[in-house]
Amino acid sequence: MKRSVEDLAIFGGTRTFAEDKHVGRPNLGDRAAFHKKIDEIFDRVWLTNDGPVVRELEARIANITGARHALAVCNATVGLELVAHGLELSGEVVLPAWTFVATAHAMRWVGLTPVFSDVERSTHHLSAELAARRITPRTTAILATHLWGEPCDVDALTALAKKHRLKLIFDAAHAFGVGVGQRPIGTFGDAEVFSFHGTKFVNSFEGGAITTNDDELARRLRLMRNFGFAGFDLVLHLGTNAKMHEASAAMALVNMDAMGVFMTANRVNLETYQQALADVPGVRLRRPSGNGQRNFQYVVAEVDEALTGVSRDDILAVLQAEGVIARRYFYPGAHRMEPYVSEEQPSLPMTEEIAAQVLILPTGTAMSPVDICLVTDLIRFVVAHGPAIAAARGSGAAAHMPPLRLPRS
Ligand SMILES: Cc1ncc(COP(=O)(O)O)c(C=O)c1O
């Protein structure tokens, strides 16, 4: 418990947590079940190349999402690249600036031009209305992200893509296990791409999956994932190595068995944060909206400095010094990262406002309610002593953002 500003670790006091509390600390399923699967892999001496564990995982993902085809891949970034190739995209792809930079990088990596759109302030999502403003004659696809495990407006985006005859891809890296009403994410657009990276609520160490209801796309993706091979010596397509291996698939299966436990832990954590922060002025937690299943895998706070009297970055610095490794995902916005920031970019006011306010707090199975109360006590303390902390840190200035090269008007 901090009694004075001098007690804060950032000013030399004792840290609240001896061991750092990270955003995205891996959730781990049953260790013995994983070891058993690894033993079986050793017995079979079949490590990769469309092995039985990968096939079992693909069947499980198809079952959970309701998609006709599920392909396990080495990670979501390569999955997005594969989909862009598989759909034979060219020219420009409209995507949100408020997303992890991999969404844009994957398009750029395969020679496409990411065209950044602003996002809706309230949802953090690319909307059809905003996406429509960025469509040009060179646009061939829209790539929207289901951010924070919440679905974006799939119906409006589907209608927009149809109207302009564009392909529609969803970056579903955060959205495994999520649904829109009764319909699971994984069945929208031409394809959806999930991530099972170690930080995701269901992980396969590294990994991802593509789901699609398009038989021809699935056929091509399967070829492309394995260098284009259709037989021992038969190469039918340009390809790469995007395969998931058996140990990753085993990890994913074991973690999927515990998915309900992970979701419940995340939901309880979010409720604990919400209750504890309800009366802290200027610190607002995003609440999952709409109906359908949510995985609650991110606790997303927004800090309004006009109300807290202390900046988001001061709160972040205090928390990190105490061992709470909160994050500013996805600051400063993909359009303000290289290589895009060195090119002409529009000013995207909503993205920039969100980037200046967002604070992601640790959740998952590694966080207990007691841990969360310690974190929220710290936030409450910082807000209560905002001016003194800002003065002691010599801050108060707005967060630095890389300058934009704006188009000439
Ligand atoms: C929105 C988003 N898209 C794509 C990715 C890339 O996923 P991966 O690490 O599996 O390549 C991530 C995170 O890692 C992400 O958060």
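Structure shown above.
An account of the accompanying structure is given in this report. (Residues numbered from 1 in each chain as written. Predicted model: local features only at pLDDT ≥ 70, side-chain atom pairs only at ≥ 80, totals over all residues. Heavy atoms only, no water.)

Attention shifts here to the overall build of the protein. Of regular secondary structure, the protein possesses 14 helices and 14 strands. Here the C-alpha atoms of the protein give a radius of gyration of 22 Å, agreeing with the 22 Å that 2.2 N^0.38 yields for 409 residues. Referenced to the eigenvectors of the C-alpha coordinate spread, the extents of the protein come out at roughly 70 × 60 × 35 Å. The buried share of the protein, taken over its 409 residues, is 55%. For the protein, the distance from the average position of its 41 positive side-chain charges to the average position of its 45 negative side-chain charges is 2 Å. (Helix = DSSP H or I, 4+ residues; strand = E, 2+ residues; numbered from the N terminus. Rg over C-alpha atoms; globule rule 2.2 N^0.38 Å. Buried < 20%, exposed > 50% of the residue type's maximum accessible area, 1.4 Å probe, protein only. Lys, Arg positive; Asp, Glu negative; His and termini not counted. Charge placed at Lys NZ, Arg CZ, Asp CG, Glu CD.)

In this section: the side chain of Arg-220. Looking at the element boundaries, Arg-220 is found in helix 7 (residues 215-225). In terms of polar contacts, Arg-220 uses its side chain to reach the backbone carbonyl oxygen of Gly-86, at 2.3 Å. Discounting chain neighbours no more than four positions away, the residues touching Arg-220 are Gly-86, Leu-87 and His-237. (Polar contact = N/O pair within 3.5 Å; in protein donor to acceptor, adjacent residues only side chain to side chain. Contact = heavy atoms within 4.5 Å.)

This paragraph deals with unusual backbone geometry. Cis geometry marks the peptide bond from Tyr-331 to Pro-332; its omega dihedral reads 0°. The residue Pro-332 is located in the loop between strand 13 (324-325) and helix 12 (349-357) in this model. Cis geometry marks the peptide bond from Glu-338 to Pro-339, where omega comes out at 5°. Relative to the helices and strands, Pro-339 resides in the loop between strand 13 and helix 12. At Trp-148, a residue that is not glycine, the phi angle is positive and equals roughly 60°. Looking at the element boundaries, Trp-148 is found in the loop between strand 5 (139-145) and helix 6 (154-163). Given a relative accessible area of 4%, Trp-148 falls into the buried group.

Burial within strand 10 (residues 208-212) is extensive, with five of its five residues counted as buried. Both faces of strand 10 are covered, namely the face carrying Gly-208, Ile-210 and Thr-212 and the face carrying Ala-209 and Thr-211. Here strand 2 (residues 69-73) pairs with strand 10 via five bridges, running antiparallel. Residue Leu-71 lies in a different strand from strand 10, and its bridge partner there is Ile-210. Here four bridges tie strand 9 (residues 191-195) to strand 10, and the two strands are oriented antiparallel to one another. Bridging from a neighbouring strand, Phe-194 pairs with Ala-209 of strand 10. (Pairing = 2+ DSSP bridges.)

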